[in-house]
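Examining the three-dimensional arrangement
The primary structure of each chain is shown beneath.
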Amino acid sequence: MTNTPPGPANDSAPSAAAVASEWPAELYRVLKAANVRQMAYVPDAGHTTLIELFSADPEVVTTVLTTEEEGVAIAAGAWLGGQRAVLLMQSSGVGNCINMFSLPVMGHFPLLTLVTMRGEWAEFNPWQVPMGRGTQAALEAVGVRVMRADTVEDLVETVEAAAALAYEADQQIAVLIGQRLIGKKKW
Amino acid sequence: MTDLDMNRPHTNHPGTLARRDVVSRLLKHRHGALVVTGLGSPSYDVHAAGDRDDNYYLWGAMGGAALVGLGLAQAQPEKRVLVITGDGEQLMAFGSLATIAVAKPRNLDVLVIDNQHYGETGMQTSHTGRGLDLARVARACGFAEAATLRTMDEVESFSATLRAAADGPRLFVVKVLAENPPRSLPPRDAVHVKNRFRAHLGFPVR
């Protein structure tokens, strides 16, 4: 849910619920505007819509991974070849990537990864908690800058800023998408 | 015995080719292919054959070489990309063979210089030295072509295919002697190597 105050929706403004459900499309719009040409991902419920949007886009090469660190290396290769890449993962995947982050950090390769958080808000699975707790610290420990968003409005602006920092200023950025924003996992 | 029997060590025949000879012979016929190297001896082998702007050397990020090659191949579909790495590095990225097979790049060759040992860390026997056949794994994953090369004639034949169009990704294993030739060290400044590589492709250095 968003921080939008409750109230009747009018014709010009979408309801808070509608905005909340449209954030993947907003991120897609922002990333397309940033000229992202490759997207790599490990299947993730939180990123489902964004994965579908990219997969249907003939201008973007999507690569499904067996483990998240593969995408870190692919993004570096994409940049060597002149293309911008984005990597979608879940917070548990950050743990898989730690050594591979040395590649973008040492080479100042642009890195933009969007990380859906687990283990921090209404989490039902205790095994998700340790990596959820360690995600930000692990990223920062190896030199990846962390930006975080817990509301939809904040998320879209944050990804826009993160894309500029990554692709224009050669930074390595992980945007953490708070679990509260994604909503409780349905079983 | 099965073809892939982990319980019987050293079932693979060790190679007799000298790795430097293999790499320098191969790179004479690179025909403008962009080259990415895995950390350790493959980086030294490629550097020893001649430092070039269109080489990208990895000094770390073990397991990343073939995937840097995939991202590059996807970004530059009109050029061929050649990844030269070692058996240990490729074994760490076992899943990358699945990822590359599914991605189906038609311009990516992975060459595994296989000495069946971890040469950087004390020459311990690797999985390929215990019978694992990376070419068979690549074929099972869905690579368009995969083979193990044991003679210089086979290496020559492979080099002749480097400029040919392919139906999908290819993986070749070259069995070499377990030796550590004198180190030939590429620049360790990853930013410098990145910038000159991109400049080679016509991208502005910034």
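As the structure is a prediction and not an experimental result, all values here were calculated from the model.

Quick notes on the rules
- Residues numbered from 1 in each chain as written.
- Chains lettered and ligands numbered in written order.
- Predicted model: local features only at pLDDT ≥ 70, side-chain atom pairs only at ≥ 80, totals over all residues.
- Heavy atoms only, no water.
- Helix = DSSP H or I, 4+ residues; strand = E, 2+ residues; numbered from the N terminus.
- Rg over C-alpha atoms; globule rule 2.2 N^0.38 Å.
- Buried < 20%, exposed > 50% of the residue type's maximum accessible area, 1.4 Å probe, protein only.
- Contact = heavy atoms within 4.5 Å.
- Areas by Shrake-Rupley, 256 points an atom, 1.4 Å probe, with all protein chains shown as cover.
- Lys, Arg positive; Asp, Glu negative; His and termini not counted.
- Charge placed at Lys NZ, Arg CZ, Asp CG, Glu CD.
- Pairing = 2+ DSSP bridges.
- Right-handed = clockwise from strand over helix to strand, strands pointing away.
- Buried area = accessible area lost by both parts, 1.4 Å probe.
- Polar contact = N/O pair within 3.5 Å; in protein donor to acceptor, adjacent residues only side chain to side chain.
- Nonpolar A, V, L, I, M, F, W, Y, C, P; charged D, E, K, R; others polar.
- UniProt positions renumbered as here; feature names shortened; annotations may be inferred.
- Core = buried A, V, L, I, M, F, W, Y, C linked by side-chain atoms within 4.5 Å.
- Phe/Tyr/Trp six-rings, centres within 6.5 Å; stacked < 30°, edge-to-face > 60°.
- Lys NZ or Arg CZ within 6 Å of the ring centre and 35° of its normal.
- Axes fitted to C-alpha atoms, helices over the stretch in contact; angles between N-to-C directions.

1. Focus: the overall build of chain B
Tallying secondary structure elements over chain B gives eight helices and eight strands in all. The C-alpha radius of gyration of chain B comes to 16 Å, within 12% of the 17 Å expected for a compact globule of 206 residues. By principal-axis analysis of the C-alpha atoms, chain B measures approximately 55 × 40 × 30 Å. Counting over 206 residues, chain B shows a buried share of 56%. At a minimum sequence separation of 6, the contacts of chain B that also span at least 24 residues come to 77%. Accessible area for chain B stands at about 8,500 Å²; split by element, carbon and sulfur atoms hold 51% of it. Chain B carries 24 positive and 21 negative side-chain charges, and their two centres are separated by 4 Å.

2. Thoughts on the pairing of strand S7 (residues 145–149) of chain B
Residue and element names in this part refer to chain B. Both S7 and strand S8 (residues 170–175) contribute to a ladder of five bridges, which runs parallel. Each residue of the ladder has a partner; that of Leu149, found in S8, is Val174. Taken together, S7, helix H7 (residues 152–160) and S8 form a β-α-β motif whose crossover is right-handed.

3. Concerning the interface of chain A and chain B
Contact with chain A, which involves 27 residues of that partner, is made by 27 residues of chain B. The three residues of chain A that bury the most area against chain B are Trp79, Leu80 and Gly81 of chain A, which together make up 26% of that side's buried surface. One can count 11 residue pairs in polar contact (both at pLDDT 80 or more) joining chain A with chain B. Mapped onto the side of chain A that touches chain B, the elements with two or more residues apiece are strand S2 (61–64), helix H4 (69–80), helix H6 (102–107) and helix H8 (152–169) of chain A. Among the elements that take part in the side of chain A that touches chain B, H4 of chain A stands out by supplying seven residues, more than any other. Grouping the amino acids of the side of chain A that touches chain B by side-chain chemistry returns 13 nonpolar, 11 polar and three charged.

4. Observations concerning the UniProt feature "domain: Thiamine pyrophosphate enzyme TPP-binding" (unreviewed entry) in chain B
Following the UniProt record, one finds the feature "domain: Thiamine pyrophosphate enzyme TPP-binding" (unreviewed entry) at residues 56–176 of chain B. What you have in residues 56–176 of chain B is 36% helix and 25% strand, and the ends, taken at the C-alpha atoms, are 23 Å apart.

5. Quick notes on the nonpolar core
Counting 84 residues, the largest nonpolar core has Tyr56, Leu82, Ile84, Leu111 and Leu171 of chain B as its most contacted members. Every residue in contact with Ile84 of chain B, bar those within four places of it in the chain, is listed here: Val23, Leu27, Val35, Val36, Thr37, Gly38, Pro42, Val46, Leu111 and Ile113 of chain B. Residues Val159, Ala162, Tyr167 and Leu181 of chain A belong to the second largest nonpolar core, which totals 31 residues.

6. Topic: the packing of aromatic side chains
Scanning all chains against the criterion turns up five aromatic pairs over all chains. With a centroid separation of 5.7 Å and an interplanar angle of 75°, the aromatic rings of Phe109 of chain A and Tyr56 of chain B are classed as edge-to-face. Placement of the pair is Phe109 of chain A in the loop between H6 and strand S4 (111–116) and Tyr56 of chain B in strand S2 (residues 55–57), with the two residues belonging to separate chains. Tyr56 of chain B sits in the buried class, given a relative accessible area of 1%. Each member of the aromatic cluster is reached from another via a ring pair, and the members are Phe109 of chain A together with Tyr56 and Phe197 of chain B. A cation over a ring is seen here: Lys194 of chain B above Phe109 of chain A, with NZ or CZ 5.4 Å from the ring centre. One Lys or Arg, Arg198 of chain B, reaches over the ring of Trp79 of chain A and ends 3.9 Å from the middle of that ring.

7. Some details on the pairing of strand S1 (residues 34–37) of chain B
Of the two faces of S1 of chain B, the one holding Leu34 and Val36 of chain B and the one holding Val35 and Thr37 of chain B are both buried throughout. Crossover S1 of chain B to S2 of chain B through helix H2 (residues 41–48) of chain B is right-handed.

8. Re the sheet that holds strand S3 (residues 84–90) of chain A
All names here are of chain A. Strand order in the open sheet formed by six strands is S2-S1-S3-S4-S6-S5, with parallel pairing between adjacent strands. Bordering the open sheet on either side are S2 and strand S5 (145–149), each of which pairs with just one other strand. Neighbouring strand axes in the sheet, compared pairwise and without regard to direction, differ in orientation by 20° on average. Where S4 and strand S6 (residues 172–177) come together, six bridges link them in parallel fashion. Bridge pairing in S6 links Leu111 to Gln172. Against the sheet, helix H3 (residues 48–55) engages strand S1 (36–41), S2, S3 and S4, with an angle of about 135° to S1.

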